[in-house]
Amino acid sequence: MNKEGAEIKSALIKCATGLSASETVEEFAVDGDGELKLVKRKITRRDIPPDIKAVKMLMEERGELSDEELEAEKAELLKLLNENKD
């Protein structure tokens, strides 16, 4: 696998497992001396949940599960979750 392919696969894995991202917004103003001065900095953190489409793409690449098998696995997992709630 070439470098670009490895980077794409790495990004797909991050999407499939979920990730955190932060964004920094900075505001500047000109002070009395005519120089820029940092007035405000806001850092926002976002948690991005796992993406089921990315999971499906990874599994298809590996040739592991079909759509029907994925649906059956989903139904089984939901059944187990509901049983554990009671």
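Attention in this report is confined to the structure presented alongside it. This is a predicted model, so every value here is computed, not measured.

Turning to the pattern of salt bridges, a few remarks are in order. By the definition in use, this model includes two salt bridges. Between Glu 26 and Arg 41 there is a salt bridge; the shortest N-O distance is 2.8 Å. Here the residue Glu 26 occupies a position in strand S1 (residues 19-30), and Arg 41 occupies one in strand S2 (residues 36-48), the gap between them amounting to 15 residues. With relative accessibility at 49%, the residue Arg 41 sits in the partly exposed group. Measuring nitrogen to oxygen at the nearest pair gives 3.7 Å for the salt bridge that ties Arg 45 to Asp 47. Neither residue differs from the other here; Arg 45 and Asp 47 are each classed as exposed.

The subject of this paragraph is the layout of surface pockets. Within this model, the largest pocket holds a volume of roughly 260 Å³. Taken together, Ile 52, Lys 53, Val 55, Lys 56, Asp 67, Leu 70, Glu 71, Glu 73, Lys 74 and Leu 77 make up the lining of the largest pocket. Elements represented by at least two residues in the lining of the largest pocket include exactly helix H2 (52-62) and helix H3 (67-85). Residues of the lining of the largest pocket, tallied by class, amount to four nonpolar, no polar and six charged.

Residues Ala 54, Leu 58 and Met 59 constitute the buried set of H2. On an axial view of H2, the arc spanned by its buried residues comes to 135°, and they lie on one face. Along H2, the residues that are exposed and aim more than 90 degrees away from the buried face are Ile 52 and Lys 53. With a side-chain oxygen lying 3.0 Å from the backbone nitrogen of Lys 53, the N-terminal cap of H2 falls on Asp 51. A positive phi of about 70° marks Gly 63, the residue just after H2.

Definitions and limits used
- Residues numbered from 1 in each chain as written.
- Predicted model: local features only at pLDDT ≥ 70, side-chain atom pairs only at ≥ 80, totals over all residues.
- Heavy atoms only, no water.
- Salt bridge = Lys/Arg side-chain N within 4 Å of Asp/Glu carboxyl O.
- Helix = DSSP H or I, 4+ residues; strand = E, 2+ residues; numbered from the N terminus.
- Buried < 20%, exposed > 50% of the residue type's maximum accessible area, 1.4 Å probe, protein only.
- 1 Å grid on protein atoms, 1.4 Å probe; cavity = no way out; pocket = protein on both sides within 12 Å on 5 of 7 lines; lining within 4 Å.
- Points joined across faces, edges and corners; volume = space filled by probe spheres on them.
- Nonpolar A, V, L, I, M, F, W, Y, C, P; charged D, E, K, R; others polar.
- Arc of directions from axis to C-beta.
- Polar contact = N/O pair within 3.5 Å; in protein donor to acceptor, adjacent residues only side chain to side chain.

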